[in-house]
Amino acid sequence: MVGYAKWGVHMSGEGIKVLVVEDESSIRKFITINLKRDGFQVLEAESGEEALEMMKTCKARIIVLDVMLPGIDGFEVCQKIRETEPDAIIVMLTARNQDMDKIMGLELGADDYMVKPFNPLELVARIRTILRRSEKNKVELGETITLKSYCVDLKSQKFFKNGLEVELTPREFSIITTFMKNPGRALSRDELLNIVWGKNYFGDIKTVDVHIRRLREKIEDNSSEPQFIKTVWGYGYICQ
Ligand code: CA
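1. A word on the coordination of the calcium ion
Tetrahedral coordination by four donors places them ideally at 109.5 degrees to one another around the metal; octahedral coordination by six donors ideally gives 90 or 180 degrees.
Link 1 in the chain: Taken together, Glu22 (OE), Asp23 (OD), Asp66 (OD) and Met68 (O) make up the full set of protein donors to the calcium ion, lying 2.1 to 2.6 Å away.
Link 2 in the chain: Positions of the donor residues of the calcium ion along the chain correspond to the pattern E-D-x42-D-x1-M. One end of the pair, Asp23, is in the loop between β1 (17–21) and α1 (25–37); the other, Asp66, is in strand β3 (residues 62–66), and 43 residues separate them in sequence.

2. So, the environment of Val208
Link 1 in the chain: Its place among the elements puts Val208 in helix α8 (residues 206–219).
Link 2 in the chain: The contacts of Val208, once residues within four sequence positions are left out, are Arg189, Leu192, Leu193, Trp197 and Tyr237.

3. Overview of the pairing of β1
Link 1 in the chain: For β1, a buried count of 4 out of 5 residues is recorded, marking the element as mostly surrounded by other parts of the structure.
Link 2 in the chain: For the crossover from β1 across α1 to strand β2 (residues 41–45), the handedness is right-handed.
Link 3 in the chain: Sheet analysis places β1 next to β3, joined by 4 bridges and oriented parallel. The residue bridging Leu19 from the neighbouring strand is Ile63, located in β3.

Scoring rules and cut-offs
- Residues numbered from 1 in each chain as written.
- Predicted model: local features only at pLDDT ≥ 70, side-chain atom pairs only at ≥ 80, totals over all residues.
- Heavy atoms only, no water.
- Donors = N, O, S within 2.8 Å, 3.2 Å for Na, K, Ca; no water.
- Helix = DSSP H or I, 4+ residues; strand = E, 2+ residues; numbered from the N terminus.
- Contact = heavy atoms within 4.5 Å.
- Buried < 20%, exposed > 50% of the residue type's maximum accessible area, 1.4 Å probe, protein only.
- Right-handed = clockwise from strand over helix to strand, strands pointing away.
- Pairing = 2+ DSSP bridges.

Here you go:
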């Protein structure tokens, strides 16, 4: 525990909400105890359905999510949470090694995973690492985000490629900002629709593709072979 001291007070789990989703009560309690000991505020759910219901009101920043659950499984819960909470930190628990590819695969968007049996202290340490990384991203985001030769200025709402401004529509600006805030993470069409168009938009999901195509024409060197916004077939897009 000595090592934690240097991270300072702001790195304690104080006030940060964690939702632990696990049907086996002994494991759930064990995780909860360790998280609470570290200052996290912990909520518990015994099933995926309960977790999704709780997420509507509790807005946990971190979700510790078991794969094997009664009813809908952890994979489905993960995808559903991602649709509405793109910034939530999701750490999955699995008993099977073969789940790993799926967990870390582009289609799910989990931030990390742990294979059972695991040391709960390691789980807490992992959560802290992810939190640190996301805090750092926030600080670095500031008012501009730079990725490769692209830069968005959030204050002036301007977009630059190789230092030259590229004129974008507000919608296109919102799309590119979403990508640049999430480098290396595949974003589904649903997720993009939710973030950029809002949760109350009920238009065709193809709208996303149309906008991405126009955006690529403006910002890629060769829009038929995009290097910045890439397609994740059957899912959505990734910026890397
Ligand atoms: Ca379980």
